[in-house]
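Okay, here's what each chain looks like letter by letter:
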Amino acid sequence: MRAFQPIALAAALIPALAGATDAPASLVNPLIGTTNGGDVFPGAVVPFGMLQFSPEESPIAGKKSPIASAGGYEYRADSIRGFSLTNVEGWGCAGASGDVPIMPITDDVTVSPSSDFRHAYASKFSHANEKARAGHYQVTLDNGVTVDLTAALHSGAARFAFPAGKPANVLVRASDSEVGSEKATVTVDAAQQRVSGEVTSGNFCGYINDADKRSYYTLHYVIEFDQPFAGTGTWKDGDVKRGGTSSAGGSGYGAKGFPEKGTGSGAWVAFAKGTKEVNLRVGISYVSEANAQANLDAEAPKGTTFDALRDKAVAAWNRQLSRIDIEGGTHDQRTVFYTALYHSLMTPNVYSDVNGQYTGFDGKVHRVEGTQKAQYANFSGWDVYRSQLQLVSWLEPKIGSDIAQSLFNQAKQNNGVWDRWTHNTGATHVMNGDPSAPAVAGIYAFGARDFDAKGALASLVHAADNPTALDTSHEGCEVECVGQRPGLDQWLKLHYIPVGAPAWGPAADTLELVTAEFGLSALAERFGDKATSQRFLARAQYWRNLFDPKATPEGGYIRNRNADGSWALVKDDDKEQPHAFTPSTEDGFVEGSAAQYVWMVPFNVHGLFEAMGGMEKARKRLDAFFYQPDGTFAVTKSGPLHAELDNEPSIGTPWLYNFAGQPWKTQELVRRVLDTLWVNAPNGIPGNDDLGEMSSWYVFAALGAYPSIPGRAELVVGSPLFTKAVVHREGGDVTILAPKAGQGRPYVQSLKVDGKPSDRSWLPESFALKGGTLEFDLSDTPNKGWAGKAADAPPSFDVK
């Protein structure tokens, strides 16, 4: 999901992390992607952790948006207003969460922090005084306080080292969630050295449409300090109460979806003069304060030192990242790889507490049942169905299974609706299509099968066959159409989404829905339900109903169509009058153009090539898509006629050369992207990371094998970046050997699969599931004969 307010690249580079060892966590650089719209956060978190302890910055001076970035942190910003307890990795829009920022200050509290919650009591800082590691974040603020943060699954810890001769105070900004709050409470218990409370928030993308300008979760928190309080105080709106011990009041969401100055509540605690260090431990829960306390007691009971919790967090990352061992490459390449794997394994986030309880989409408290170990939240379906969920399920089938069960649980609690973008217990409806279908199918395909897959399939099929009032509603459209399948009634009648139906972009929605239909077909086939499989495979071919072979003299395109069957004129924002179709148009598409979307039939590439007029024409069109007329690469910021490999609609396209019998061009193109768009620097992620989706693309690409077909586990072969990689899996390790891998050698001369020569540019599902060994012979010149025959290309799925 592309940021709605893109920002320019930052020129600053991050030096190599000091003290790097062979442990993969030591190679992670969480500052990669903190500018260029990557929207990642650099703070402390453990794999799939509920709590993310991270800096919440004041917005950059002159920036129109009242937030620093959707991740709470922008590398070019220079002021921190607190260290929040929640965040989400790499999302776009305006973000959300950022709950309960905790801020150490060396001033007396005289003016309400709610007078301007984005700037009041904030402190500037320098990157020279900042360190970010997997599981540990540290910064020395200009106010003199050194802040250390670490995390466990539902809890975290902070260590504040105060400068001598200054007041030592800590603000608990109860109401100051990133995009506001409806309600907030805070209570100070000096006898127990404890601060607790809750905040009710939501408002994800609420500035775009009223459909999401609402609350849908409550976070409960308990903070325990290791030092006695020498004083306390509270505030509400503009009023400050020295000695106060309780307060309540939200910041609101504002008329335009952003909270306005002057409202909110919180508390502060003061420590004795001369206090050098204050430690705090914090537990959170989306169920109750009692559960927050239980989470804290289970993971970081009294007496737990900061260093002990930090070491556990680092160990957790080392265990997770060691699922893939790599050898070779440069230091920067290894850093980028493990940082991408790190970002891929942050979400979805554990949402259930240590006792198994969680708040459901129906507002009721539920408990995980059967073999499910945890309920997960934060699912950016439009993004992660493409490769992130496949990677998680491949490496951690139990976690993948629990994610799939979590999605099914959400739907059951949400009146049967599988929402496409869920945040905590909120159905935000953001983006388009029905991504849950290919997501669940992809999870199952990659070996995560310990969930009620048949029940999930039945629910998804029912939703695909039965339009609801939400599906026919225009509420929230364009960006946040409230239905699971907006325009479903038209889809079932016309076999495409027409202009005028509830949709963000009718043509784009059609393409997303055909992938959903294919996901259902693939999943049904695995259960032997041939009738359902064939029915949805036929529906997956509805893309042909929007393919106009005469759209341009150069060839056909997917384009908007009216309900009466006529082709629609184009209505571009920069043109006064509707006009004839052009491939550069974004009318009918979502965060992309007709030229970028025409390739998005990943399950039937051969059928698409035939519609384009055959293999040779498809090859020429691919060349024009990725290259300028002078032969230079055109893969980002090259205009609407070329690829945008910084956003999801284009990320599957480099692998299409394998289907076209020219895999050497995929090898060349993907390596170019790995070497130039992904770097060990703040601008090292090309666009929103989208809950790890873009990072998962990098991981697969660097390994040299990519899951091109949603809902299936075939892997399209590329070119490995490292001389050796071992993917450790329960079903069998995957070993990838490429002794000649290195700069300037992206081309596959030959490939052996389990010791036998292979001329195919793809691997069957059995390889991903059972493991095996790939042996690549790489060179600096392409072997244009390898995998060049039609029989060597990856499969396509069409009706017979």
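Draft legend 1. Fine view of the sheet that holds strand S28 (residues 715-717). Read from one edge of the open sheet, three strands run S27-S28-S33, paired in antiparallel fashion. Sheet topology places strand S27 (705-706) and strand S33 (762-763) at the edges, where each strand pairs with a single neighbour.

Draft legend 2. Region of interest: the pairing of strand S26 (residues 555-558). Taken together, the three bridges between strand S25 (residues 547-552) and S26 define a ladder with antiparallel strand orientation. Considered in S26, the bridge of Thr 552 is made with Gly 555. Once S25 ends, the chain turns through two residues before running back antiparallel as S26.

Draft legend 3. Main features of the side chain of Ser 114. By the secondary structure assignment, Ser 114 is in the loop between strand S3 (102-105) and strand S4 (123-133). Looking at Ser 114, the relative accessible area reads 0%, which means it is buried. In this structure the side chain of Ser 114 is engaged in a polar contact, spanning 3.0 Å, whose partner is the side chain of Trp 235. Excluding residues that lie within four positions of it along the chain, Ser 114 makes contacts with Ser 175, Trp 235, Asp 237, Lys 261, Gly 262, Thr 263, Gly 264 and Ser 265.

Draft legend 4. Main features of the pattern of salt bridges. Evaluation of the coordinates by the stated rule reveals 34 salt bridges. For Asp 311, the salt bridge goes to Arg 310, with nearest N and O atoms at 3.2 Å. For Asp 311, a relative accessible area of 44% puts it in the partly exposed group. In this structure, the salt-bridge partner of Asp 623 is Lys 665, at a minimum N-O distance of 3.0 Å. You can see Asp 623 sitting in helix H14 (residues 615-626) and its partner Lys 665 sitting in helix H16 (residues 663-676), a full 42 residues away along the chain. Taken together, the shared-partner salt bridges in this structure form one network comprising Asp 434, Asp 465, Arg 485, Glu 517, Arg 535 and Arg 539.

Draft legend 5. Fine view of the state of the cysteines. All chains considered together, the criterion is met by two disulfides. One disulfide in the model links Cys 93 with Cys 205; its S-S distance is 1.5 Å. Note that Cys 93 is positioned in the loop between strand S2 (79-84) and S3 and Cys 205 in the loop between strand S10 (194-202) and strand S11 (215-225), a separation of 112 residues in sequence. Residue classification places Cys 93 among the buried positions, given a relative accessible area of 9%. Here Cys 477 is linked by a disulfide to Cys 481, with a sulfur-sulfur distance of 2.1 Å. For the disulfide bridge between Cys 477 and Cys 481, the dihedral angle about the S-S bond is near 135 degrees, and by the sign convention the bridge is right-handed. In the protein chain, the cysteines engaged in disulfides, taken in order along the sequence, are linked 1-2, 3-4.

Reading the values: the criteria
- Residues numbered from 1 in each chain as written.
- Predicted model: local features only at pLDDT ≥ 70, side-chain atom pairs only at ≥ 80, totals over all residues.
- Heavy atoms only, no water.
- Pairing = 2+ DSSP bridges.
- Helix = DSSP H or I, 4+ residues; strand = E, 2+ residues; numbered from the N terminus.
- Buried < 20%, exposed > 50% of the residue type's maximum accessible area, 1.4 Å probe, protein only.
- Polar contact = N/O pair within 3.5 Å; in protein donor to acceptor, adjacent residues only side chain to side chain.
- Contact = heavy atoms within 4.5 Å.
- Salt bridge = Lys/Arg side-chain N within 4 Å of Asp/Glu carboxyl O.
- Disulfide = S-S within 2.5 Å.

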